[in-house]
Amino acid sequence: MSLKSSLNDEAFRKFEKLRDNFEWFYSNYDGLRRDYGNQYVAVKDKKAKIDNDCNLEKLIKRLNLSNCDESIAIEYVNN
């Protein structure tokens, strides 16, 4: 296996994890809307929210996402 294909495989796995997190987010949107309306919600590993905040910058700082290599989905939940 070449280095390039190894990097491509890793990038694809990260993409799949991110896609799965967004699918989970939208599958559970009604519950998130009830509990976290008008807030940004972070989801990781297709699990319930890992954090939330009305301010995106504060949320990103708290999650330490400046150079994050994890597949964390963050989306705004309308009320």
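Residues numbered from 1 in each chain as written. Predicted model: local features only at pLDDT ≥ 70, side-chain atom pairs only at ≥ 80, totals over all residues. Heavy atoms only, no water.

(A) Just the overall build of the chain, in detail. Along the backbone of the chain there are 3 helices and 3 strands. From first element to last, N terminus to C terminus, the chain shows the α and β order α-α-β-β-α-β. Residues classed as buried in the chain amount to 25% of the 79 residues present. Summarising the internal contacts of the chain: among those between residues at least 6 apart in sequence, 53% fall at separations of at least 24. (Helix = DSSP H or I, 4+ residues; strand = E, 2+ residues; numbered from the N terminus. Buried < 20%, exposed > 50% of the residue type's maximum accessible area, 1.4 Å probe, protein only. Contact = heavy atoms within 4.5 Å.)

(B) View of the side chain of Gln-39. Inspection of the secondary structure puts Gln-39 in strand E1 (residues 39–44). Relative accessible area serves as the criterion here: at 16%, Gln-39 is assigned to the buried category. Other than its neighbours up to four places away in sequence, Gln-39 contacts Asn-52, Asp-53, Cys-54, Glu-75, Tyr-76 and Val-77.

(C) Quick peek at unusual backbone geometry. Its identity as a non-glycine residue notwithstanding, Asn-38 has a phi of 60 degrees, on the positive side. Within the secondary structure, Asn-38 sits in the loop between helix H2 (29–36) and E1. Although it is not a glycine, Asp-45 adopts a positive phi angle of roughly 55 degrees.

None of this, on its own, says anything about what the molecule does.
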